[in-house]
Amino acid sequence: MIAKPSPSLLWDQTSRWAVAVILAVLGFSTQAAASLGGDLGSIQTDQVRLQGAVMRVTSSDTFTVHEMRASTGTTVREYVSSSGKVFGVAWDGPTVPDLRQVLGDYFPAYIEAAQAAQKKRLGHGPIRIEAPTFIVEQSGHPRAFVGRAYVPQFVPTGIGTELVR
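Note that this is a predicted model, so its numbers are computed, not measured.

(A) Molecular detail of the overall build of the protein. Counting secondary structure elements, the protein contains four helices and seven strands. Counting over 165 residues, the protein shows a buried share of 36%. Considering only contacts in the protein between residues 6 or more positions apart, those separated by 24 or more positions represent 41%. Element-wise, carbon and sulfur atoms account for 60% of the exposed surface of the protein, whose accessible area totals about 10200 Å².

Structure (structure tokens):
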């Protein structure tokens, strides 16, 4: 005869599973603070969300570049000022990274501007979106995409925006 688990044991197992599922859903649904305009501490969130491995961290007196490779093979570089603010993000690789993650709080404005720009252009080709608070440039084709985004007012003094690449 097989003993039936007690109702309290079933409840404990079920409730633990339910809590784990809820926490997982909440964890995946929150927007990362990292990304464009985010802070240094949020770079780790980007690494997890991009399923990437940090390849290199390069520092200077005025900024640091955190370079990671996403599981898709795309390289993402986040440029962080000495004050800890992500002032630029650049990418290149076989796929476009999750722009919702990369652009963070700027993503909704980017989508709106990209849709308006798409209506004005003919065909395909590079796109440049120059909004009042940020700039995004991207181009490429399957297996060879490049892009960059930056917030001009966050770029450290004396650093040119061409550095974000």
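Resuming the write-up.
(B) Inspection of unusual backbone geometry at higher detail. Residue Arg143 is not a glycine yet carries a positive backbone phi of 75°. With respect to the helices, strands and loops of the structure, Arg143 is situated in the loop between β6 (135–141) and β7 (144–150). Arg143 sits in the exposed class, given a relative accessible area of 72%.

(C) Local environment of the pairing of strand β3 (residues 75–81). Counting buried positions along β3 gives seven out of seven residues, so the element sits mostly inside the fold. Taken together, strand β2 (residues 63–69) and the strand that follows it, β3, pair antiparallel across an intervening segment of five residues, in which Gly73 is found at a positive phi of about 100°. Pairing geometry for β3 and strand β4 (residues 86–93), over six bridges, is antiparallel. Considered in β4, the bridge of Arg77 is made with Ala90. Linking β3 back to β4 in an antiparallel pair, the connection comprises four residues, with Gly84 at a positive phi of about 95°.

(D) Quick peek at the pattern of salt bridges. In this structure the tally under the stated criterion is five salt bridges. Of the charged contacts in the structure, one is a salt bridge between Asp92 and Arg77, with a shortest N-O distance of 2.8 Å. A residue pair is termed long-range when its members are at least 10 positions apart, and Asp92 in strand β4 and Arg77 in strand β3 qualify at 15 residues. When salt bridges that share partners are traced, they join Arg128, Glu130, Glu137 and Arg148 into one network.

Quick notes on the rules
- Residues numbered from 1 in each chain as written.
- Predicted model: local features only at pLDDT ≥ 70, side-chain atom pairs only at ≥ 80, totals over all residues.
- Heavy atoms only, no water.
- Helix = DSSP H or I, 4+ residues; strand = E, 2+ residues; numbered from the N terminus.
- Buried < 20%, exposed > 50% of the residue type's maximum accessible area, 1.4 Å probe, protein only.
- Contact = heavy atoms within 4.5 Å.
- Areas by Shrake-Rupley, 256 points an atom, 1.4 Å probe, with all protein chains shown as cover.
- Pairing = 2+ DSSP bridges.
- Salt bridge = Lys/Arg side-chain N within 4 Å of Asp/Glu carboxyl O.

Shape is all these values report; function is a separate question.
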